[in-house]
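# A look at the structure
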Amino acid sequence: MAASRSTLPLIKYLRVRVDALPPLTLTPNFFVRRFCEEVRGCFLDKSEVTDRVISCVKNFQKVDPSKVNPNAHFQNDLGLDSLDAVEIVMALEEEFGFEIPDNEADKINSIKLAVDFISSHPQAK
């Protein structure tokens, strides 16, 4: 008989008082992603990023500086091949002080895409 009592689950004899929780009210801003003040303030200004990216591309040896504009495509407008585009991305990594992952670097094929990616990255300096 004592053996059968020890095999009974303890939860059967445990009683816990549970109070009802107040209803959850969801405001429209409830699902908005919030950043702390440190992170919110560290994104670079898009115009500053644009100027720095254009400067970096103009300094590249194989680029004609007169063809460089904020909407220039690396291959179509500037006549660069894929290896040149990789070198430009590496120069941008050095300029802005962070590493661009390979899967994202493959997508950067214009100045506008480079500016959009860098200005939205919190580690860009």
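As the structure is a computational prediction, the values presented were derived from the model and not from experiment.

## So, the environment of lysine 62
With respect to the helices, strands and loops of the structure, lysine 62 is situated in the loop between α3 (46-58) and α4 (82-96). Among the residues examined, lysine 62 registers a relative accessible area of 51% and is labelled exposed. Sequence spacing of lysine 62 and glycine 79 is 17 residues, and the spatial spacing of their C-alpha atoms is 8.5 Å. What lysine 62 contacts, discounting residues up to four positions off in sequence, is Leu80 and Asp84. A polar atom in the side chain of lysine 62 sits 3.0 Å from the side chain of aspartate 84.

## Let's talk about the packing of α3 against helix α6 (residues 111-119)
One way to put it is that α3 packs onto α6 with a least axis distance of 9 Å and a crossing angle of 130°. Judged by the inter-axis angle, α3 sits oblique to α6. For the pair α3 and α6, the crossing hand works out as right-handed. Contact residues: Lys46, Val49, Thr50, Val53, Ile54 and Val57 in α3; Ile111, Ala114, Val115, Asp116, Ile118 and Ser119 in α6. Its residues assigned to classes, the contact of α3 with α6 comprises 8 nonpolar, 2 polar and 2 charged.

## Observations concerning the side chain of aspartate 84
On the secondary structure map, aspartate 84 appears in helix α4. Accessibility expressed as a relative area gives 5% for aspartate 84, which makes it buried. When neighbours within four sequence positions are excluded, aspartate 84 is seen to be in contact with Phe60 and Lys62.

Cut-offs used in this document
Residues numbered from 1 in each chain as written. Predicted model: local features only at pLDDT ≥ 70, side-chain atom pairs only at ≥ 80, totals over all residues. Heavy atoms only, no water. Helix = DSSP H or I, 4+ residues; strand = E, 2+ residues; numbered from the N terminus. Buried < 20%, exposed > 50% of the residue type's maximum accessible area, 1.4 Å probe, protein only. Contact = heavy atoms within 4.5 Å. Polar contact = N/O pair within 3.5 Å; in protein donor to acceptor, adjacent residues only side chain to side chain. Axes fitted to C-alpha atoms, helices over the stretch in contact; angles between N-to-C directions. Parallel < 35°, antiparallel > 145°, perpendicular 65-115°, else oblique. Left-handed = near helix turned anticlockwise from the far one by under 90°. Nonpolar A, V, L, I, M, F, W, Y, C, P; charged D, E, K, R; others polar.

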